[in-house]
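Here are the chains, one letter per residue:
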Amino acid sequence: MRLFLDTANIEHIRHGVSLGVITGVTTNPSLISKEGKVDYKRHVQEICSLVPGPVSTEVLSQEASGMVAEAREVASWATNVVVKIPASLQGIEATWRLSREKIKVNFTLCFSINQALLAAAAGAAFVSPFVGRLDDIGEDGMALVREIVEVYKNYPDAIKTEVIAASIRHPQHCIEAARASAHIATIPYQVLLQMIQHPLTDIGIRRFLQDWRQVMGEDKM
Ligand code: E4P
């Protein structure tokens, strides 16, 4: 499972990429807004220059022609831009039109298998089931990821859409997404930091150093 960062924060992206484990980024209007009143185009271009893989950024239009026009513009900003289109009827039409132009779409705000089937039929490069938001309303968000992956696997020749487990809230979600065979999990920066943490690792590192220093002093290997 590949890991993307779900943020528009430049420092967090820089750090994640420097660790070598982050290969893409997803943003949305809320995440961009968190960074203040930025120059949107320059901000997206900066992210695209830092990240080796796809950078998703979302359209604001609600109708298909507006989405397509926005997507064409955004796609011209960098070669690794992916356009996020919401899972609406208008979004389906826009996704289909854009996929014919070879503009990659991340079909976002996906909350059902039918939405994911339509995303694949329309030629979306990615579909993003929102796990945490389903959990928030008492549903099993990860079950949706599992089921989309399962259904897509029935059509290996026809469906190339990759499943991004999105709206990830904690490290356990990452484990569950991998167990569900999601292609990608897009994770908040905080979750990335949490994934490596284990108290026994910290204790182990301290103890190894203490034992070494007791005998060797400050000598290095
Ligand atoms: C995905 O691409 C979205 O940006 C994101 O995962 C939404 O997560 P949230 O439910 O924590 O806002």
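Residues numbered from 1 in each chain as written. Predicted model: local features only at pLDDT ≥ 70, side-chain atom pairs only at ≥ 80, totals over all residues. Heavy atoms only, no water.

Chemist: What is the right way to read the environment of valine 151 from this model?
Modeler: Mapped onto the secondary structure, valine 151 falls in helix α8 (residues 141-153). Along the chain, valine 151 and histidine 173 lie 22 residues apart, while their C-alpha atoms are 21 Å from each other. Setting aside residues no more than four positions away along its own chain, valine 151 makes contact with Ile113 and Leu117. (Helix = DSSP H or I, 4+ residues; strand = E, 2+ residues; numbered from the N terminus. Contact = heavy atoms within 4.5 Å.)

Chemist: Got a minute to help me understand the site of the ligand in this structure?
Modeler: In the vicinity of the ligand, the contacting residues are Asp6, Thr26, Asn28, Leu31, Lys84, Phe130, Arg133, Ala166, Ser167 and Arg169. A distance of 2.9 Å is found between an oxygen atom of the ligand and a side-chain nitrogen or oxygen belonging to arginine 169. Per-class residue counts for the shell around the ligand are 3 nonpolar, 3 polar and 4 charged. (Near = heavy atom within 4 Å. Polar contact = N/O pair within 3.5 Å; in protein donor to acceptor, adjacent residues only side chain to side chain. Nonpolar A, V, L, I, M, F, W, Y, C, P; charged D, E, K, R; others polar.)

Chemist: Teacher, can you tell me more about the sheet that holds strand β8 (residues 184-187) here?
Modeler: To summarise the sheet geometry, strands pair through backbone hydrogen bonds and adopt either a parallel or an antiparallel arrangement. Here we have 8 strands rolled up into a closed barrel, ordered β1-β2-β3-β4-β5-β6-β7-β8, and parallel in their pairing. Taken pair by pair, the neighbouring strands of this sheet meet at an average axis angle of 30°, ignoring direction. Where strand β3 (residues 55-58) lies against strand β4 (residues 81-86), 4 bridges are found, and the strand directions are parallel. Paired with serine 56 across the two strands is valine 82, which belongs to β4. (Pairing = 2+ DSSP bridges. Axes fitted to C-alpha atoms, helices over the stretch in contact; angles between N-to-C directions.)

Chemist: Quick question: what am I supposed to make of the environment of alanine 78 here?
Modeler: Following the sequence through the fold, alanine 78 ends up in the loop between α4 (64-75) and β4. Considered as a pair, alanine 78 and leucine 50 are 28 residues apart in the sequence and their alpha carbons are 11 Å apart.

Chemist: Please explain the state of the cysteines as it appears in this structure.
Modeler: Cysteine pairs can be linked by a disulfide, which is a covalent bond between their two sulfur atoms. In the structure shown here, the tally under the stated rule is 0 disulfides. We note that cysteine 110 lacks a disulfide partner, and the nearest cysteine sulfur, in cysteine 174, lies 19 Å from it. A relative accessible area of 0% means that cysteine 110 is categorised as buried. Residue cysteine 174 is classed as buried on the basis of its relative accessible area of 4%. (Disulfide = S-S within 2.5 Å. Buried < 20%, exposed > 50% of the residue type's maximum accessible area, 1.4 Å probe, protein only.)

Chemist: Just to check I follow, could you spell out the pattern of salt bridges for this structure?
Modeler: Any two side chains of opposite charge can pair, given that their charged atoms come close. Inspection of every chain in the model, using the stated rule, returns 8 salt bridges. Arginine 97 is the partner of glutamate 93 in a salt bridge, and the nearest nitrogen-oxygen pair spans 3.1 Å. One end of the pair, glutamate 93, and the other, arginine 97, are both in helix α5 (residues 89-100), 4 residues apart, so they sit about a helical turn from each other. Relative accessible area serves as the criterion here: at 23%, arginine 97 is assigned to the partly exposed category. Each of Glu11, Arg14 and Glu46 takes part in a single network of salt bridges with overlapping partners. (Salt bridge = Lys/Arg side-chain N within 4 Å of Asp/Glu carboxyl O.)

Chemist: Explanation requested: the side chain of threonine 186 in the structure shown.
Modeler: Within the fold, threonine 186 resides in strand β8. Threonine 186 sits in the buried class, given a relative accessible area of 1%. One polar contact links threonine 186 to threonine 26, side chain to side chain, over a distance of 2.5 Å.

Chemist: How should I be thinking about a nonpolar patch on the surface in this particular structure?
Modeler: Taken together, the side chains of Trp212, Val215, Met216 and Met221 make up a nonpolar region of the molecular surface, amounting to roughly 490 Å² of accessible area. Within the fold, methionine 221 resides in the segment after α11 (199-216). Judged by its relative accessible area of 90%, methionine 221 falls in the exposed class. (Patch = residues over 30% accessible without salt bridge, like charges linked within 9 Å, V, L, I, M, F, W, Y side chains within 5 Å. Areas by Shrake-Rupley, 256 points an atom, 1.4 Å probe, with all protein chains shown as cover.)

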